[in-house]
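Letter by letter, the chains look like this.
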Amino acid sequence: MAKDKEMGYAAVMARKNRILMDSLGIDFSKFETGTIAFDYEGVMAATGMTFDEIRRIQLAAGVGDTPMLEMRNITALARKYAAPGMGARIFIKDEAANPSGSFKDRRAATAVYTAKRLGFKGVAAATSGNYGAAVASQAAKLGLNAIIAQECYDSRKVGQPEILEKTRKCEAFGAEVIQMTVGPELFYKFLTILEETGYFSASLYSPFGISGVETLGSEVALQIRRLTGKDPDAVIVTHAGGGNITGTARGLAREGCKAQVVAASVNLKGLHMASDGHFNRKSFTTGHTGFGFPFATWPDRSDMPRNAARPLRYMDRYVLVNQGEVFYMTQLLANLEGLERGPAGNTSLAAAFALAQKMPEDAIIVVQETEYTGAGKHIQPQLAFAKKSGIDIRFGDPAEEVPGESIVLPQHPGLIAARDVDMDGLRKSLIRNTLRNNPDADLTDIDIEFLAAETNSSVAFVRDNI
Amino acid sequence: MIKKGTWVSIRATILEAGSRAEGIPADTAAMPLVMWVKGHLTADCTLGNRAEVRTATGRIERGILEEAEPYTNVDYGGFVPELLRIGADARKILFGGETHG
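Residues numbered from 1 in each chain as written. Chains lettered and ligands numbered in written order. Predicted model: local features only at pLDDT ≥ 70, side-chain atom pairs only at ≥ 80, totals over all residues. Heavy atoms only, no water.

S.K.: Help me get a handle on the overall build of chain A, residues and values and all.
M.R.: For chain A, the count of helices and strands is 19 helices and 13 strands. Scaling as 2.2 N^0.38, a compact globule of 466 residues should have a C-alpha radius of gyration of about 23 Å, and chain A matches this with 21 Å. For chain A, the C-alpha atoms occupy an extent of roughly 70 × 50 × 45 Å along the three principal directions. Counting across all 466 residues of chain A, residues that qualify as buried make up 64%. Within chain A, contacts between residues at least 6 apart in sequence are counted, and of these 76% link residues at least 24 apart. (Helix = DSSP H or I, 4+ residues; strand = E, 2+ residues; numbered from the N terminus. Rg over C-alpha atoms; globule rule 2.2 N^0.38 Å. Buried < 20%, exposed > 50% of the residue type's maximum accessible area, 1.4 Å probe, protein only. Contact = heavy atoms within 4.5 Å.)

In structure tokens:
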């Protein structure tokens, strides 16, 4: 009975940091430098791998070097709604060409390789998204076991077709999938599995995962230079947990590329991510504000003691699009460019379509990912599922969309908009969250400088807002 | 009776409705946290009874036997007429209204 007691929710959660340390081989406590500050670059360097090594590991695993494609018809369509001389060239990086169909293979490749090198027998990850498939795929290649814990069903055992497809894909790679009902306590079950198995925690938010995305940013810069003879002006990144933008921006910076880094999320305002009733009223399971805002303003909410994904450090701009706009763009991508991809990865494409219209014709805007599509994970089953869930689907002005009640497809392409998020508002929110989560903090100069870096602002801005 | 060794899905309650984490929405807190996992039955069992499985990674899990030989049944959904219009509209805007009619 004593053993049962130790496995209770509170007891396991209290052991969280110890379990994660054992399952990752990194002691995060040695990177703490202030009351709230920590040595972020030290955490990133804790992978022990150089950029070139990571690239080699990924290429050996069939990951990366994905095609960069110019969207000539989508660009031409955007120019129909732009002022004369305006309408940037839109490029898209076809990350669906990775082994499991998304950029997440980059994150998984470094993590699973490390697990193998350190002698772990298996890897585990908590994710309902493409990352699970990526971990399962890389584990299959390296002969490791994989366990993926997914938030999958509401309390009626009704699941989003997209997530059920992801279950199938993980199982197709030989992984064990644990499907759960809605709730953040999935993490509790996940921790018990790490303890039971002694597997490596292939967290989305470990430095292994995030450093794996740096190759994506690097490839974007080098490919655009090769194709056009110059740098991209803007790189649009679909934003959820923050790893995509963090790794991409770091990779761009590595190549000396000064492109504006723009985050884009689907607006799911009003839908609570942990609500059983709301779970199936959203038609996007990732790339949305339900992850995008909280992770931008409090990254250490993740399953790591310190999150290696720190999006607010890297986003120059953050824009929102609506579900109907992304579904619409997904269909345009198929009908005008012959590419059936997405839809969640097309969030940044919808934003790019609007942003391109405000940029000159010779400017270059890059959408840095696509993702695979298939039964369940496709606009048709997702829209059919939404209809069945009582969501009103209609053509109109997407600005009128109410998440959870309607999906408004644009009446015409000119109505697609990228709506700016107040960046200073996000910065203040991060500072507020940091103080709230460290109520006894006696802030040092190191902490103030840390917050300035965290918010990509200045010491003066931080001092004004604490 | 489902035979030992059959690939099945079991259901187990991880947290009862009254013992969910603090701070989660009321509608979620009112429901138990439930898990489903698949594996080979370690002994003969009938649907709805307590069962034990050996999962794909060789772990043992216990729960209620829910389904024998489970499979994925996602598809491409029902007819969504709106999708027909999107491409047709865009082609007209881009390439003009000519048809092969």
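S.K.: Break down helix α10 (residues 186-197) of chain A for me, with residues and values.
M.R.: All names here are of chain A. Helix length check: α10 (12 residues) gives 17 Å between terminal C-alpha atoms against 16 Å at 1.5 Å per residue, within 8%. Of all 12 residues making up α10, 9 are buried, and the element is well covered by its neighbours. When α10 is considered as a whole, its buried residues turn out to be Leu186, Phe187, Tyr188, Lys189, Phe190, Leu191, Thr192, Ile193 and Leu194. Positioned one or two residues after α10, Gly198 has a phi angle of 70 degrees, which is positive. (Expected span 1.5 Å × (residues − 1).)

S.K.: Which residues make up helix α17 (residues 423-437) of chain A, and what values do they have?
M.R.: Residues and elements named next belong to chain A. The first and last C-alpha atoms of α17 sit 21 Å apart over 15 residues, in line with the 21 Å expected at 1.5 Å per residue. Residues Met423, Leu426, Arg427, Ser429, Leu430, Ile431, Asn433 and Thr434 constitute the buried set of α17. Next to the buried residues of α17 lie α13 (289-297), β9 (317-321), α18 (445-454) and α19 (459-464). Of the residues that open α17, the one with a side-chain oxygen 3.2 Å from the backbone nitrogen of Asp424 is Asp422. (Polar contact = N/O pair within 3.5 Å; in protein donor to acceptor, adjacent residues only side chain to side chain.)

S.K.: How would you sum up the domain arrangement of chain A? Please name residues and give values.
M.R.: Many descriptions give the size of an interface as the accessible area lost when the pieces come together. Residues and elements named next belong to chain A. Partitioning chain A into structural domains gives domain 1 (9-56 + 103-205), domain 2 (64-101 + 208-420) and domain 3 (431-464). Put simply, the middle of domain 1 and the middle of domain 3, counted by C-alpha atoms, are 29 Å apart. Of the residues lining the interface, 6 residues belong to domain 1; the matching set on domain 3 comes to 10 residues. Note on domain 1 versus domain 3: buried area summed over both sides is about 640 Å², and carbon and sulfur give 72% of it. Contact with domain 3 buries surface across domain 1, with Thr35, Ile36 and Ala37 losing the most and accounting together for 76% of the total. Counting the contacts that link domain 1 with domain 3 gives 0 salt bridges. Along the contact surface separating domain 1 from domain 3 lie 4 residue pairs in polar contact (both at pLDDT 80 or more). A class-by-class count of the residues in the side of domain 1 that touches domain 3 yields 3 nonpolar, 3 polar and no charged. (Domains from an automatic or database assignment. Buried area = accessible area lost by both parts, 1.4 Å probe. Salt bridge = Lys/Arg side-chain N within 4 Å of Asp/Glu carboxyl O. Nonpolar A, V, L, I, M, F, W, Y, C, P; charged D, E, K, R; others polar.)

S.K.: Pulling in residues and values, what's your account of the packing of aromatic side chains?
M.R.: Residue and element names in this part refer to chain A. Across all of its chains, the model carries 10 aromatic pairs over all chains by this definition. Ring geometry for Phe120 against Phe200: centres 5.2 Å apart, planes inclined by 70 degrees, an arrangement best described as edge-to-face. Here Phe200 lies in strand β6 (residues 200-201) and Phe120 lies in the loop between α7 (104-117) and β3 (122-126), a separation of 80 residues in the sequence. For the pair Phe120 and Phe200, a shared accessibility class is recorded, and that class is buried. Their ring planes at 15 degrees and their centres at 5.2 Å tell us that Tyr205 and Phe295 sit as a pair that is stacked. Taken together, the residues Tyr205 in the loop between β6 and α11 (207-228) and Phe295 in helix α13 connect sequence positions 90 residues apart. (Phe/Tyr/Trp six-rings, centres within 6.5 Å; stacked < 30°, edge-to-face > 60°.)

S.K.: An account of the interface of chain B and chain A is requested, with residue identities and associated values reported.
M.R.: Taken together, the contacts link 42 residues of chain B with 63 residues of chain A. Buried surface at the junction of chain B and chain A, summed over both partners, amounts to about 4,400 Å²; 62% is from carbon and sulfur atoms. On the chain B side of the contact with chain A, Trp36, Tyr76 and Ile86 of chain B bury the most area, a combined 16% of that side's loss. Put simply, Glu171 of chain A and Lys38 of chain B hold a salt bridge, and the shortest N to O gap is 2.7 Å. Where chain B touches chain A, the interface holds 25 residue pairs in polar contact (both at pLDDT 80 or more). Counting residues per element, the side of chain B that touches chain A draws most heavily on helix α2 (residues 82-95) of chain B, at 11 residues. Tallied by class, residues from the side of chain B that touches chain A come to 23 nonpolar, 7 polar and 12 charged.

S.K.: Tell me what's going on with the sheet that holds strand β1 (residues 68-70) of chain A, and back it up with residues and numbers.
M.R.: All names here are of chain A. A sheet is described by the order of its strands in space; here 7 strands give the open sequence β1-β2-β10-β7-β8-β9-β13, paired in mixed fashion. Of all the strands in the sheet, the pair left with one neighbour each is β1 and β13 (419-420). As paired strands, β9 and β13 are joined by 2 bridges and run antiparallel to one another. Each bridged residue has a counterpart across the sheet, and for Leu320 the counterpart in β13 is Arg419. (Pairing = 2+ DSSP bridges.)

S.K.: I'd like to hear about the pattern of salt bridges, residue by residue, with values.
M.R.: Residues and elements named next belong to chain A. Inspection of the entire model under this criterion finds 40 salt bridges over all chains. Residue Glu41 is joined to Arg250 by a salt bridge in which the shortest nitrogen-to-oxygen separation is 2.8 Å. Residue Glu41 is located in helix α4 (residues 40-45), and its partner Arg250 is located in helix α12 (residues 243-254); the two are separated by 209 residues in the primary sequence. Asp154 is paired through a salt bridge with Arg156; the nearest N and O atoms lie 2.6 Å apart. Judged by its relative accessible area of 61%, Arg156 falls in the exposed class. It is possible to trace a salt-bridge network through shared partners that takes in Glu32, Asp300, Arg306, Arg310, Arg313 and Glu454.

S.K.: Describe the pairing of strand β5 (residues 176-181) of chain A, listing the residues and the values that go with them.
M.R.: Residue and element names in this part refer to chain A. Burial analysis of β5 places 6 of its 6 residues in the buried class, which makes it a mostly covered element. Residues Glu176, Ile178 and Met180 point to one face of β5 and Val177, Gln179 and Thr181 to the other, with burial holding for every one of them. The pairing of strand β4 (residues 145-153) with β5 spans 6 bridges and is classified as parallel. Across the sheet, Ile148 pairs through a bridge with Val177, a residue of β5.

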